[in-house]
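# Geometric and topological summary
Given next are the chains, with one letter for each unit.
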Amino acid sequence: MIWNPLFKRIGTNTMGFGAEIKSKKEKRIGELLAEVRSEDLLKFGLIPEFIGRLPVISTLNDLDEASLVRILIEPKDAIIKQYKKLFELENVNLKFTDGALRCVAKLSMERKSGARGLRSILENTMLEVMYDIPSQRDIKECVISEEVVVNKEKPI
């Protein structure tokens, strides 16, 4: 730490000594957009009258894998809960493995579709299963694993 006699101690990273240096390729788009200022919008081509009407510029960061998995299972009307309810109508207990949920989240991140992409990935995975289950009366439980999501294999 560096001591400034007139004020108080100053961390060394305030002068840039402890800064973590990242290239533009390493930064996520949300991190880059967080640094946008009004002058940048002007250089981009927006007219000053429009920029003046934007009192606050804010950005959103990309969701990580853990956040996407939470979106799948935690909300009151989460899509996983909806599928479980649909299967309960056929007297079948539906289970998703942790690997399957992580795989759905990874696919959504690869497609850069965020939380909106979760539904389409699950619909593609569950489409055949939902049509096969009602015709088979002896099924009591259906387990969706990572192989079902990735390789379109039959569920357990």
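In the block above lies the structure referred to throughout.
The following refers to the structure shown. (Residues numbered from 1 in each chain as written. Predicted model: local features only at pLDDT ≥ 70, side-chain atom pairs only at ≥ 80, totals over all residues. Heavy atoms only, no water.)

## Here's the deal with the overall build of the protein chain
Of the regular secondary structure elements, the protein chain holds eight helices and four strands. For the protein chain, the N- to C-terminal ordering of α and β elements is β-β-α-α-α-α-α-β-α-α-β-α. The proportion of buried residues among the 156 residues of the protein chain is 24%. (Helix = DSSP H or I, 4+ residues; strand = E, 2+ residues; numbered from the N terminus. Buried < 20%, exposed > 50% of the residue type's maximum accessible area, 1.4 Å probe, protein only.)

## Details of the packing of helix 4 (residues 65-73) against helix 6 (residues 98-111)
Where helix 4 contacts helix 6, the two axes come as close as 9 Å, and the packing angle between them is 120 degrees. Here helix 4 is positioned oblique relative to helix 6, judged by the angle of their axes. Judged by the twist between their axes, the crossing of helix 4 over helix 6 is right-handed. The segment helix 4 lies against helix 6, with Glu65, Leu68, Val69, Leu72 and Ile73 engaging Leu101, Arg102, Val104, Ala105, Lys106, Ser108 and Met109. Considered class by class, the residues forming the contact of helix 4 with helix 6 number eight nonpolar, one polar and three charged. (Axes fitted to C-alpha atoms, helices over the stretch in contact; angles between N-to-C directions. Parallel < 35°, antiparallel > 145°, perpendicular 65-115°, else oblique. Left-handed = near helix turned anticlockwise from the far one by under 90°. Contact = heavy atoms within 4.5 Å. Nonpolar A, V, L, I, M, F, W, Y, C, P; charged D, E, K, R; others polar.)

## A few points about the side chain of Thr125
Relative to the helices and strands, Thr125 is located in helix 7 (residues 116-132). At 2.9 Å, the side chain of Thr125 and the backbone oxygen of Ile121 are in polar contact. In contact with Thr125, not counting residues within four places along its chain, are Ile144, Val148, Val149 and Lys152. (Polar contact = N/O pair within 3.5 Å; in protein donor to acceptor, adjacent residues only side chain to side chain.)

## What to know about a nonpolar patch on the surface
Residues Ile47, Phe50, Leu54 and Ile57 make up a contiguous nonpolar surface patch of roughly 340 Å² in combined accessible area. Following the sequence through the fold, Leu54 ends up in the loop between helix 3 (48-52) and helix 4. (Patch = residues over 30% accessible without salt bridge, like charges linked within 9 Å, V, L, I, M, F, W, Y side chains within 5 Å. Areas by Shrake-Rupley, 256 points an atom, 1.4 Å probe, with all protein chains shown as cover. Salt bridge = Lys/Arg side-chain N within 4 Å of Asp/Glu carboxyl O.)

## Comments concerning helix 5 (residues 79-88)
Count 3.6 residues to each turn of an α-helix, and residues three or four apart come out pointing the same way. Within helix 5, burial applies to Ile79, Ile80, Tyr83 and Phe87. Each buried residue of helix 5 lies within a common arc of 105 degrees when the element is viewed along its axis, so the set occupies one face. Where helix 5 is buried, its residues meet helix 4, strand 3 (93-96), helix 6, helix 7 and strand 4 (141-144). (Arc of directions from axis to C-beta.)

## Quick word on the packing of helix 6 against helix 7
Here helix 6 crosses helix 7 at 120 degrees, and the two axes come no closer than 9 Å. One finds that helix 6 runs oblique with respect to helix 7. The hand of the helix 6/helix 7 crossing is right-handed. Residue-level contacts link Val104, Ala105, Leu107, Ser108 and Arg111 of helix 6 to Gly117, Leu118, Ser120, Ile121 and Leu122 of helix 7. Here the contact of helix 6 with helix 7 is built from residues that sort into six nonpolar, three polar and one charged.

## Quick word on the pattern of salt bridges
Any two side chains of opposite charge can pair if their charged atoms end up close together. Applying the stated criterion across every chain yields a total of seven salt bridges. A salt bridge links Arg37 to Glu39, with the shortest nitrogen-to-oxygen separation between them at 3.3 Å. Arg37 gets classed as exposed once you look at its relative accessible area, which sits at 53%. For Glu39, a relative accessible area of 43% gives the class partly exposed. One salt bridge connects Glu90 with Arg137, and the closest N-O pair in it is separated by 3.9 Å. Of this pair, Glu90 sits in the loop between helix 5 and strand 3 while Arg137 sits in the loop between helix 7 and strand 4, and the two are 47 residues apart along the sequence. Overlapping salt bridges, with partners in common, bring together Glu128, Asp132 and Lys154 in one network.

## Some words on helix 6
Across its 14 residues, helix 6 extends 20 Å between first and last C-alpha, which sits within 8% of the 20 Å expected from 1.5 Å per residue. All of the buried residues in helix 6 are Gly99, Ala100, Leu101, Cys103, Val104, Ala105 and Ser108. Buried residues belonging to helix 6 abut helix 4, helix 5, strand 3, helix 7, strand 4 and helix 8 (146-151). Lys112 lies just past helix 6 and shows a positive phi near 55 degrees. (Expected span 1.5 Å × (residues − 1).)

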